[in-house]
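Here is how the chains run, residue by residue.
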Amino acid sequence: MDAVPEEKLQAVLEAFRCAPSWANTQCWEVVVVRDPKLKSELAGTLRRGNPALSSMTEAPVIIVLCALRGVSGYHRDEVTTDKGDWFMFDVGLAMQNLCLAAHGLGLGTVIIGLFDHQKAALILAFPKG
């Protein structure tokens, strides 16, 4: 597959960054993976039979979206609604922005959620939470 031009990648990431979130908490971090070895290791976190396997290994870029827990839906470290932590809602909004921006720039996306999150966190050396 063709490489993603840097200006297109930056435009997609900017659309992601501008997504709405609860109290504008932006409860996320983004990791851009281009290294073939890391992409292969991440592909190894997919559950057996996941049809996205080739997407993980063949895509020129993998964008890993990480939610920060205990931020969205909180005020002064206390949950403020009966819905608890809103991180899934907010990251979903940001993901939609990312996908729509990519589509508008002629790029394809595949959202992958069925994988071993703990193993991926170890591969990418994420801190707890």
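Our structure's up above, just so we're on the same page.
In every chain, residue numbers begin from 1 and rise along the written sequence. Owing to the predicted nature of the model, reporting of local features is limited to residues with pLDDT of at least 70; listing and counting of side-chain atom pairs is limited to 80 or more, with chain, interface and lining totals taken over all residues. No hydrogens and no water enter the side-chain calculation; it runs on all heavy atoms of the structure.

Peer 1: Can you tell me about the pattern of salt bridges, naming the residues and giving the values?
Peer 2: Basic side-chain nitrogens of Lys or Arg form a salt bridge, by our definition, when they fall within 4 Å of a carboxyl oxygen of Asp or Glu. Applying the stated criterion across every chain yields a total of three salt bridges. Ionic pairing is found between Glu6 and Arg34, a salt bridge with its closest N-O pair at 2.8 Å. Of the two residues, Glu6 is situated in helix 1 (residues 6–17) and Arg34 in the loop between strand 1 (28–33) and helix 2 (36–43); the sequence distance between them amounts to 28 residues. Owing to a relative accessible area of 38%, Glu6 belongs among the partly exposed residues under this scheme. The residue Glu41 makes a salt bridge to Lys37 at a minimum N-O spacing of 2.5 Å. Placement of both Glu41 and Lys37 in helix 2 is noted, with a separation of four residues, approximately one turn of the helix. Burial classification: accessible surface area is computed with a 1.4 Å probe over protein chains only, and a residue below 20% of its type maximum counts as buried, one above 50% as exposed, and the rest as partly exposed. In this structure Glu41 comes out as partly exposed when scored by relative accessible area, which is 28%. On the accessibility criterion, Lys37 (58% relative accessible area) is exposed. Labels follow the DSSP assignment, with helices taken as runs of H or I lasting at least four residues and strands as runs of E lasting at least two, numbered in each case from the N terminus.

Peer 1: Account for the side chain of Asn50, naming residues and giving values.
Peer 2: Among the secondary structure elements, Asn50 is positioned in the loop between helix 2 and helix 3 (53–58). A polar contact is formed between the side chain of Asn50 and the backbone nitrogen of Ala52, at a distance of 2.9 Å. In the analysis that follows, any N or O atom pair within 3.5 Å is treated as a polar contact, provided that within protein one partner can donate a hydrogen and the other can accept it, and provided that, for residues neighboring in sequence, both atoms belong to side chains. At 3.0 Å, the side chain of Asn50 forms a polar contact with the backbone oxygen of Leu114.

Peer 1: Can you tell me about the nonpolar core, naming the residues and giving the values?
Peer 2: In plain words, nonpolar cores are sets of buried Ala, Val, Leu, Ile, Met, Phe, Trp, Tyr and Cys residues tied together by side-chain atoms within 4.5 Å. Grouped together as the largest cluster of nonpolar side chains are 15 residues, with contacts concentrated most on Val12, Phe16, Trp28, Leu65, Ala94 and Leu98. For this core, the secondary structure elements donating two or more residues are helix 1 and helix 4 (87–104). Sorting elements by how many residues they give to this core places helix 4 first, with eight residues. Note on contacts: a residue pair qualifies if any of its non-hydrogen atoms lie within 4.5 Å across the two residues. Apart from residues no more than four positions distant in its own chain, Ala94 is found in contact with Phe16, Ala19 and Trp28. Residues Ala43, Met56, Ile123 and Leu124 belong to the second largest nonpolar core, which totals 12 residues.

Peer 1: Give me the lowdown on helix 4, citing residues and values where you can.
Peer 2: Note that an α-helix has 3.6 residues per turn; residues three or four places apart therefore point the same way. Helix span, expected: 1.5 Å multiplied by one less than the number of residues in the helix. The terminal C-alpha atoms of helix 4, which comprises 18 residues, lie 26 Å apart, in line with the 26 Å expected from a rise of 1.5 Å per residue. Every buried residue belonging to helix 4 is among Phe87, Asp90, Val91, Ala94, Met95, Leu98, Cys99, Ala101 and Ala102, and all of these are buried. Elements in contact with the buried residues of helix 4: helix 1, strand 1 and strand 2 (62–67). Backbone geometry just after helix 4 places Gly106 at a positive phi near 80°.

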